[in-house]
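Secondary and tertiary structure notes
For reference, the chains in residue letters:
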Amino acid sequence: MDTNVDNIKSQMRKGVLEYCILSTLRRNDAYASALIGELKEAQMIVVEGTLYPLLTRLKNQGMLSYRWEESPQGPPRKYYSLTEIGRASLAEMDAAWNEVVASVEFIKNR
Amino acid sequence: MKEVLNISLQGISFAIEKDAYDLLDKYLTELRSHYGDSEAEVVNDIEERIAELLIERGCKNRVVQYCHIDQIISILGKPSQIDDSNGQSGTPKVKKKIYRDTQNCVVAGVCSGLGAYFNIDAVWMRIIFILVAVFLTSPKGLYGIHLMEWTGFLLLLYVILWIIIPQAKTVSQRCEMKGEPQNVNHIHKKFAQGARDAGTQMWEMGSKATGTAASIIWKVICFTAGVILTVTGFAGIVSIGAGMVAFDIATGISPLSIIDFVQLDMESTLWLKISGTLAYLLPCIGMLYAGIKLCFSFKGPKWRPGLVIFITWLICAIIFIISSVKAFTPYYDFNESNKKQLAVVPAKDTLYVICPKAEGMEKAKMNIEATRSNLNLHYLFNDRLMNTSFAIYPQLKIRRNNEKSPHIEATLAQFSKPTLYDDAPDNTPLSSYVEVRDSLITIKPAIYSRENKFSGKIQSIRLYVPDSTVVILQEPIDFTFGKSRSYRSGIRRH
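Here's what I pulled together on the structure shown here. Numbering of residues begins from 1 in every chain and follows the order in which that chain's sequence is written. Naming scheme: in the order in which they are written, chains are lettered from A and ligands are numbered from 1. Given that this is a predicted model, residues contribute local features only at a pLDDT of at least 70 and side-chain atom pairs are listed and counted only at 80 or more, while totals for whole chains, interfaces and linings are drawn from all residues. Side-chain descriptors were evaluated using all non-hydrogen atoms of the structure, hydrogens and water having been removed beforehand.

Residue and element names in this part refer to chain A. The rule is short: rings of Phe, Tyr and Trp, with Trp giving its six-membered ring, pair when the centres are within 6.5 Å, and they are stacked under 30 degrees, edge-to-face over 60, tilted in between. Taken as a whole and assessed by the stated rule, the structure comprises seven aromatic pairs over all chains. Of the aromatic side chains, those joined through ring pairs into one cluster are Y66, W68 and Y80. Charge-over-ring contacts are defined here by two conditions on Lys NZ or Arg CZ: a distance within 6 Å of the ring centre and an angle within 35 degrees of the ring normal. In this arrangement the basic side chain of R77 is found over the ring face of Y31, its NZ or CZ atom lying 4.1 Å from the centre. Sitting above the plane of the Y66 ring, K78 keeps its charged end 4.8 Å from the centroid.

Following this line, the structure appears as structure tokens:
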């Protein structure tokens, strides 16, 4: 029973993870590790590894870009930011999210 | 006490214990194989994160240990937890089918495909194949079947497998071949490999083999095979070339031209000669080419000479067989019509035999084979204009019996279709090749040239004499039948 629910929970999270990443970058640019920190704080991800393939995919789709910045601890790190396409997509996803939430609430409250 | 290795994660160096290294290596390899070339960045990013986490744990100044890596893996997530965004928890296992792997092939991908199905490295499959071929061909033979048959059988098996096992062309087929779940990632990987040339591939297949033992054995086999092929091919070409030249010098006529002196059912013998020569030479050239390629492992040029040589040879062989079958059709009706003619021989104590050369041909070299009771003669003559003639004397056999009176029995055997000769056998007068005058028997040759070709008539003479009669050959050599030792002249000058 529990694993079934866990599965569904995990599926739900996976569905919105990209949206969350874009959303986090809405106001500020950030390093990968900072993104991880925020998402963990929001209990959105359990394992960090899930982030990296998504970041790469979003970058390949043109929604994110990065620049290299020096870091005190060693080699330069990637500093992610939203592109114009990213911002546009984000706006659309905001609308989509609102729709989905409305639908679910509607069904839930019947 | 543990062994320590030095590694670099995205440019940052760490000292790491062996067991921790193994765990980390396994983790990264799994990730790398999951993400194809287009997403290689992901693994690099993960490596960077691992470095960060290790530094946080103070591993800049301490050796990385198993517990660190273990922790980090649980933080980052096991590969199965780092799912694709389409969120399938495990793609279904694809049933494995046998295909030929033509992207990793040497000849036709048979061994590669079989290897992929049985999860054995293709190189080992090839080695097994060859070793089986070699070991089954021990001198005693296996079950009484010997070398050529087993090699032939294996070759045939290979060709059969080549034909019946389909080629893995589409990506889904390639996935089925290896039993991997079909995935968008694989498409990129597969097409990136591209087709390779046989020579370099054989060499490289060896070096890519899992395990240096396989690759070394494979390279040795390649090289040895290459040497054998080169030597054989070269020897074949040289020997036939030298043989023809030697024949020409010794007899004054090229061996190929001999065909011109035989009456054939074919106007021009050119096709026969060319296709015959090529049918012999091309395999030698092919072996030479293949051998050199194997020894020095270089890529063949784009027009694939190996294939060209093989196809040309096939065509030549077919032409040769068809032309020779057609050309020699008159000789299949072995209609040995033996016509016997008799001539009387005087009863004398001594009989003399001479075999003069035909007019104008006195300078020719005579080839003689004389034994106790047989005499075979022939010679070759080139006139000033380099027209060649063959003179063949009827074979003389001496039979001794005391019952009948001495006589000559001349037999004409005809083993070709009647259409080839103008005169019927009975029309050939005995006197045209044998004359008896007193105690002198003269034997004359039948002369064949390009105009007057050999048409299947063979004459032989039996001389029946009593035991006591002595038969002496006077011309071209002195020889007493039954007394002198056998004489044979090779192709040499008198």
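Back to the text.
Numbering of helices and strands starts at the N terminus; helices are DSSP runs of H or I of at least 4 residues and strands are runs of E of at least 2. With respect to the helices and strands, R77 of chain A occurs in strand β3 (residues 74–82). Only protein chains enter the accessibility calculation, which uses a 1.4 Å probe; a residue whose area is less than 20% of its type maximum is buried, one above 50% is exposed, and one in between is partly exposed. What makes R77 of chain A buried here is its relative accessible area of 14%. Residues R77 of chain A and Y31 of chain A, 46 residues apart in the sequence, show an inter-C-alpha distance of 7.2 Å. By the convention used here, residues are in contact when the closest approach between their heavy atoms is within 4.5 Å. Every residue in contact with R77 of chain A, bar those within four places of it in the chain, is listed here: Y31, S33, R67, W68, E69 and S71 of chain A together with E48 and E52 of chain B. In this structure the side chain of R77 of chain A is engaged in a polar contact, spanning 2.6 Å, whose partner is the side chain of E52 of chain B. Between N or O atoms, a polar contact is any pair within 3.5 Å; within protein, one atom must be a potential hydrogen donor and the other a potential acceptor, and residues adjacent in sequence are included only when both atoms are from side chains.

This next bit is on the pairing of strand β6 (residues 374–382) of chain B. Residues and elements named next belong to chain B. We treat two strands as partners when DSSP finds at least two bridges between them. Relative to β6, strand β5 (residues 365–370) runs antiparallel, the two sharing six bridges. Among the inter-strand pairings, E369 is bridged to a residue of β6, identified as N376. In terms of strand pairing, β6 meets strand β8 (residues 395–400) through two bridges, oriented antiparallel. Across the sheet, residue L375 finds its bridge partner in β8, namely L396. For β6 and strand β7 (residues 388–392), the ladder comprises five bridges, and the chain directions are antiparallel. Bridged to N382 within β7 is T388. Counting the residues that bridge the hairpin from β6 to β7 gives five residues, and of these M386 lies at a positive phi of roughly 65°.

All names here are of chain B. The definition of a nonpolar core used throughout is a set of buried Ala, Val, Leu, Ile, Met, Phe, Trp, Tyr and Cys residues joined through side-chain atoms within 4.5 Å. Formed by 52 residues in total, the largest nonpolar core has its most connected members in F14 and I50. Ranked by residues supplied to this core, first place goes to helix α2 (residues 40–56) with eight residues. In this structure F14 touches L5, N6, I7, L9, A51, L54, I55, C59 and V64, once residues within four positions along its chain are discounted. Within the second largest apolar cluster, 34 residues are counted, among which are V353, L396, I408 and I441.

Below, the discussion takes up the sheet that holds strand β4 (residues 350–354) of chain B. Sheets are built from strands paired through backbone hydrogen bonds, the pairs being either parallel or antiparallel. Residue and element names in this part refer to chain B. Taken together, the five strands give an open sheet; going across it, the order is β10-β11-β4-β14-β15, and neighbouring strands pair in mixed fashion. Where the open sheet ends on each side, the last strands, each with one partner, are β10 (434–437) and β15 (479–480). In this structure, β4 lies alongside strand β14 (residues 470–475), joined through five bridges in parallel fashion. Considered in β14, the bridge of T350 is made with V470.

Pairs of packed helices are described in terms of their axes, by the angle between the two and the distance that separates them. Residues and elements named next belong to chain A. Viewed as axis vectors pointing N to C, helix α1 (residues 2–24) and helix α3 (residues 51–60) meet at an angle of 70°, and their least axial separation amounts to 11 Å. Here α1 lies roughly perpendicular to α3, going by the angle between them. Together, L17, E18, I21 and L22 of α1 and L51, L54, L55 and L58 of α3 make up the contact between the two elements. Residues are grouped as follows: Ala, Val, Leu, Ile, Met, Phe, Trp, Tyr, Cys and Pro are nonpolar; Asp, Glu, Lys and Arg are charged; every other residue, Gly included, is polar. Here the residues of the contact of α1 with α3 sort into seven nonpolar, no polar and one charged. Axis lines are fitted to C-alpha atoms, over the contacting stretch for helices. Their N-to-C directions set the angle, which ranges from 0 to 180 degrees. Should an angle fall under 35 degrees it is taken as roughly parallel, and over 145 as roughly antiparallel, whereas 65 to 115 is taken as roughly perpendicular and any remaining angle as oblique.

Residue and element names in this part refer to chain B. At a minimum axis separation of 11 Å, α2 and helix α3 (residues 66–76) run at an interaxial angle of 125°. Relative to α3, the element α2 lies oblique. You can see that α2 and α3 cross each other, and the crossing is right-handed. Mapping the contact onto sequence places I46, R49, I50, L53 and L54 in α2 and H68, I72, I75 and L76 in α3. The residue inventory of the contact of α2 with α3, partitioned by class, reads seven nonpolar, one polar and one charged. Two helices that cross are described as forming a left-handed crossing if the nearer one is turned anticlockwise from the farther one by less than a right angle, and a right-handed crossing if clockwise.

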